[in-house]
Amino acid sequence: GMTLAARRGVLHDRPPMLTVQLNVGRLIEIRGKGQVSLEDFAAFRGQFTECLMKAGRKIVNVSDLREIGVLSPEVFAALSRLAQTDNAMIERAAYLTLPTSPASMQFYQLIKDLKHPQRGVFQKEPELEQWVSASLSPEERARVREFLGA
């Protein structure tokens, strides 16, 4: 069989399940796919913090979570902690999920627990775009459409 190192190499070559980018203005884009491990989440947290620093002001965050798997209790707890500490840095945060996705219930729970009025979970792109656009420049609005359509 394969050596442990080789097998570990194969695991690490899979595309990241959680990506974060700052492409336009102060709009932070997050995309989650498949099973997110604690390791994935730790890497994501570092990148997210970098994006926050780069933005240098309150940010607007749009997350495409339509293809994300159910989060393990450990990852969900880590995400909750991160979300609590980030509240002050976030003007608006919108999460796009699918009605059929088991993970969508976790994000509804997360938002409920945070009690942050400017965070919302959406199941339709137009509704998310409309809600988030109040905080965005025309360039950022165009980028949201592009990001969600990608």
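Residues numbered from 1 in each chain as written. Predicted model: local features only at pLDDT ≥ 70, side-chain atom pairs only at ≥ 80, totals over all residues. Heavy atoms only, no water.

*Asks:* In this structure, what is going on with the environment of threonine 100? I would like to understand it.
*Replies:* On the secondary structure map, threonine 100 appears in the loop between strand 4 (90-96) and helix 4 (102-114). Overall, threonine 100 belongs to the exposed group, its relative accessible area being 71%. (Helix = DSSP H or I, 4+ residues; strand = E, 2+ residues; numbered from the N terminus. Buried < 20%, exposed > 50% of the residue type's maximum accessible area, 1.4 Å probe, protein only.)

*Asks:* What should I look at first to understand the packing of helix 3 (residues 73-86) against helix 4 in this one?
*Replies:* Axes are the key here: two packed helices are described by the angle between their axes and the distance separating the axes. Running from amino to carboxyl end, helix 3 crosses helix 4 at an angle of 35 degrees, the nearest separation of the two axes being 11 Å. In this structure, helix 3 crosses over helix 4, and the sense of that crossing is right-handed. Taking contact as the criterion, the partners of Phe76, Leu79, Ser80, Ala83 and Gln84 in helix 3 are, on helix 4, Gln106, Phe107, Gln109, Leu110, Asp113 and Leu114. Grouping the constituent residues of the contact of helix 3 with helix 4 by class yields 6 nonpolar, 4 polar and 1 charged. (Axes fitted to C-alpha atoms, helices over the stretch in contact; angles between N-to-C directions. Left-handed = near helix turned anticlockwise from the far one by under 90°. Contact = heavy atoms within 4.5 Å. Nonpolar A, V, L, I, M, F, W, Y, C, P; charged D, E, K, R; others polar.)

*Asks:* When you look at the pairing of strand 1 (residues 18-24) in this model, what are you seeing that I'm missing?
*Replies:* Strand residues, when the strand is regular, have side chains that alternate between the two faces of the sheet. Of the strand pairs in this sheet, strand 1 and strand 2 (residues 27-34) are connected by 6 bridges, and their pairing is antiparallel. The residue bridging valine 24 from the neighbouring strand is leucine 27, located in strand 2. What sits between strand 1 and strand 2 in their antiparallel hairpin is a turn of 2 residues, with glycine 25 showing a positive phi close to 55 degrees. (Pairing = 2+ DSSP bridges.)

*Asks:* Would you take a moment to explain the side chain of arginine 92 for this structure?
*Replies:* Take arginine 92: it is sitting in strand 4. Despite being buried, arginine 92 has no salt bridge partner; glutamate 91 is the closest side chain of opposite charge, sitting 5.3 Å away. In this structure the side chain of arginine 92 is engaged in a polar contact, spanning 3.3 Å, whose partner is the side chain of glutamine 118. (Lys, Arg positive; Asp, Glu negative; His and termini not counted. Salt bridge = Lys/Arg side-chain N within 4 Å of Asp/Glu carboxyl O. Polar contact = N/O pair within 3.5 Å; in protein donor to acceptor, adjacent residues only side chain to side chain.)

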